[in-house]
Amino acid sequence: MDEHDDHDHDHGHGHHHHDHDHAAAAVPHAPPAKDEKIHTYHQALGLALKELLIEKGVFTPDEIRKAIEWRDSITPATGAEIVARAWSDPAYKKRLLADGTAAIKEFGHDMGALHLVVVENTPEVHNMIVCTLCSCYPRAILGLPPPWYKSREYRSRAVREPRAVLKEFGTVLPDGVEVRVHDSTADMRYLVLPMRPKGAETMNEQQLAELVTRDCMVGVSLPKLN
Amino acid sequence: MGNDLRPGDRVRVREDFPQGHIRTPVYVRGKEGVVVKNFGSFPNPELLALGRDGLPKKTLYEIAFKQCELWPDYNGPESDTLMIDIYEHWLSKV
């Protein structure tokens, strides 16, 4: 069901202003040329499989639509709600860190066969999440991962030079803070519990949730007061 | 169950390159780290990928590596770490 977020490639045709043969490709919204391949091999394979499964009555197009709708209804705001609760309720924070899978059930979220591990940022430790092998991500509470999370650049560099990657996200940490990268390779999905920023002491849960962005929960950024 | 590793045990990741769906990234193979946590046992993904039942289940451990030991030219303080989840059959006690 990921097909709709796989159109994020820019093949750079925009630079070939002199090349009239490819002029159509330089116009992003131009109609496809007669010989232009609309789908890649694997997209075509996915579509063919979907059509066969529908034909066989395994599921209906409406069920697929509903599944995509459900998937799209999960956004980083879902995760932000959980972080804000942990910031406001020390007992909830304790449960969340002890067993993330069970603690998010209190919000009605289900990890299915997977497990949620919540890692806490402290003045001494900064956590950052990556999946070097593919795109493992806590989708049940953050939705679909952003394209950069799935890019080869992020996946290879986050483990190789995390501080350089963090800097590109505007996050510079002193050498005294341990950078702890979590490579999610198996059945665990990771969520970063950021530190509650200074100046947010009097905020209520809803106001706190607004400070928590997706990037904070992946650990490439820190919550900031506007 | 399994090779019964405990938190604090120093382990080495098997330096092996079998074909198939392997969830042990190449950059940690042959490297030494320390057991942080035992996550319990899970169906073996190498068998699940072949359409089998993944049994017997394999114990999954969280292993911590020092970045400066993974990458000799690592650009950062010695305290920086990499944590990764590795199944028991890829680990041996040092």
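The sections below set out a description of the structure shown in this document. What you are looking at is a predicted structure, and each value in this text was computed from that prediction instead of being measured.

Here we come to the overall build of chain A. Per the secondary structure count, chain A includes twelve helices and four strands. Across the 226 residues that make up chain A, the buried fraction comes to 40%. Pairs at least 24 apart in sequence give 67% of the contacts found in chain A among residues at least 6 apart. Of the accessible surface of chain A, which amounts to about 13200 Å², a share of 56% is contributed by carbon and sulfur atoms.

Further remarks concern the packing of aromatic side chains. Per the stated rule, a full pass over the model turns up seven aromatic pairs over all chains. A ring pair is formed by Tyr27 of chain B and Trp71 of chain B, whose centres lie 5.5 Å apart and whose planes are at 20°; its orientation type is stacked. In this pair, Tyr27 of chain B is assigned in the loop between strand S1 (10–13) and strand S2 (32–42) and Trp71 of chain B in the loop between helix H2 (67–70) and strand S4 (81–87), connecting sequence segments 44 residues apart. For the pair shown, Tyr27 of chain B and Trp71 of chain B are each scored as buried. An aromatic cluster is present here, built from Tyr137, Trp148, Tyr149, Tyr154 and Phe169 of chain A joined pairwise through their rings. The ring of Tyr92 of chain A carries the charged tip of Arg85 of chain A above its face, separated from the ring centre by 6.0 Å.

A separate point is the nonpolar core. For soluble globular proteins, the rule of thumb is that nonpolar side chains tend to be buried together. Residues Tyr154 of chain A together with Val28 and Leu82 of chain B are the most contacted members of the largest nonpolar core, which totals 70 residues. When residues of this core are assigned to their parent elements, the largest contribution, six residues, is made by helix H4 (residues 76–88) of chain A.

Each partner contributes residues to the interface: chain B has 25 residues there, and chain A has 25 residues. Counting the surface lost from both chain B and chain A, the interface buries some 2000 Å², and carbon and sulfur atoms represent 51% of this. The largest contributions to the chain B side of the interface with chain A come from Arg23, Met83 and Asp85 of chain B, which together make up 26% of the buried area. Ionic pairing is found between Asp73 of chain B and Arg160 of chain A, a salt bridge with its closest N-O pair at 2.7 Å. Taken together, chain B and chain A are joined by 15 residue pairs in polar contact (both at pLDDT 80 or more). Looking at the side of chain B that touches chain A, the elements with two or more residues in it are S2, strand S3 (58–66) and S4 of chain B. When residues in the side of chain B that touches chain A are grouped by element, the largest group, six residues, is from S4 of chain B. Residues that form the side of chain B that touches chain A fall into these classes: 13 nonpolar, six polar and six charged. As paired elements, strand S3 (residues 178–183) of chain A and S4 of chain B share four bridges and run parallel to each other.

This part takes up the side chain of Arg139 of chain A. Take Arg139 of chain A: it is sitting in helix H7 (residues 139–142). Here the side chain of Arg139 of chain A touches Ser135 of chain A through a polar contact of 3.4 Å, side chain to side chain.

So, about helix H2 (residues 41–55) of chain A. When the terminal C-alpha atoms of H2 of chain A are compared, their 21 Å separation across 15 residues agrees well with the 21 Å that a helix rising 1.5 Å per residue should span. Gly57 of chain A sits one or two positions beyond H2 of chain A and adopts a positive phi of about 80°.

Once that is clear, we can look at the environment of Pro138 of chain A. Residues and elements named next belong to chain A. On the secondary structure map, Pro138 appears in the loop between strand S2 (125–130) and H7. Take Pro138: its relative accessible area is 3%, and that puts it in the buried class. For Pro138 and Met217, which are 79 residues apart along the polypeptide, the C-alpha to C-alpha distance reads 9.9 Å. Excluding anything up to four places from it in sequence, Pro138 contacts Leu116, Gly143, Arg189 and Tyr190.

We now examine unusual backbone geometry. Of the consecutive residues Leu55 of chain B and Pro56 of chain B, the connecting peptide bond is found in the cis state with omega at 0°. One can find Pro56 of chain B in the loop between helix H1 (45–48) and S3.

Let's shift gears to the packing of H4 of chain A against helix H5 (residues 90–98) of chain A. Residues and elements named next belong to chain A. Running from amino to carboxyl end, H4 crosses H5 at an angle of 125°, the nearest separation of the two axes being 5 Å. Taken together, the axis directions place H4 and H5 in an arrangement best described as oblique. Residue-level inspection shows Ile82, Arg85, Ala86 and Ser88 of H4 in contact with H5, the latter providing Pro90, Tyr92, Lys93 and Leu96. Along the lines of polarity and charge, the residues of the contact of H4 with H5 split into five nonpolar, one polar and two charged.

Turning to the sheet that holds S3 of chain B, a few remarks are in order. Sheets are built from strands paired through backbone hydrogen bonds, the pairs being either parallel or antiparallel. One open sheet holds the seven strands; their spatial order is S2(A)-S3(A)-S4(B)-S3(B)-S2(B)-S1(B)-S5(B), and the pairing between them is mixed. Of all the strands in the sheet, the pair left with one neighbour each is S2 of chain A together with strand S5 (91–93) of chain B. Shown here is a sheet whose adjacent strand axes are inclined to one another by a mean of 35°, direction ignored. Examined bridge by bridge, S1 of chain B and S5 of chain B share three bridges and lie antiparallel to one another. Its bridge partner being in S5 of chain B, Val11 of chain B is matched across the sheet by Lys93 of chain B. The strands touched by helix H9 (residues 152–160) of chain A are S2 and S3 of chain A together with S4 of chain B; relative to S2 of chain A, the strand with the most contacts, the crossing angle is about 150°.

Rules used throughout
- Residues numbered from 1 in each chain as written.
- Chains lettered and ligands numbered in written order.
- Predicted model: local features only at pLDDT ≥ 70, side-chain atom pairs only at ≥ 80, totals over all residues.
- Heavy atoms only, no water.
- Helix = DSSP H or I, 4+ residues; strand = E, 2+ residues; numbered from the N terminus.
- Buried < 20%, exposed > 50% of the residue type's maximum accessible area, 1.4 Å probe, protein only.
- Contact = heavy atoms within 4.5 Å.
- Areas by Shrake-Rupley, 256 points an atom, 1.4 Å probe, with all protein chains shown as cover.
- Phe/Tyr/Trp six-rings, centres within 6.5 Å; stacked < 30°, edge-to-face > 60°.
- Lys NZ or Arg CZ within 6 Å of the ring centre and 35° of its normal.
- Core = buried A, V, L, I, M, F, W, Y, C linked by side-chain atoms within 4.5 Å.
- Buried area = accessible area lost by both parts, 1.4 Å probe.
- Salt bridge = Lys/Arg side-chain N within 4 Å of Asp/Glu carboxyl O.
- Polar contact = N/O pair within 3.5 Å; in protein donor to acceptor, adjacent residues only side chain to side chain.
- Nonpolar A, V, L, I, M, F, W, Y, C, P; charged D, E, K, R; others polar.
- Pairing = 2+ DSSP bridges.
- Expected span 1.5 Å × (residues − 1).
- Axes fitted to C-alpha atoms, helices over the stretch in contact; angles between N-to-C directions.
- Parallel < 35°, antiparallel > 145°, perpendicular 65-115°, else oblique.

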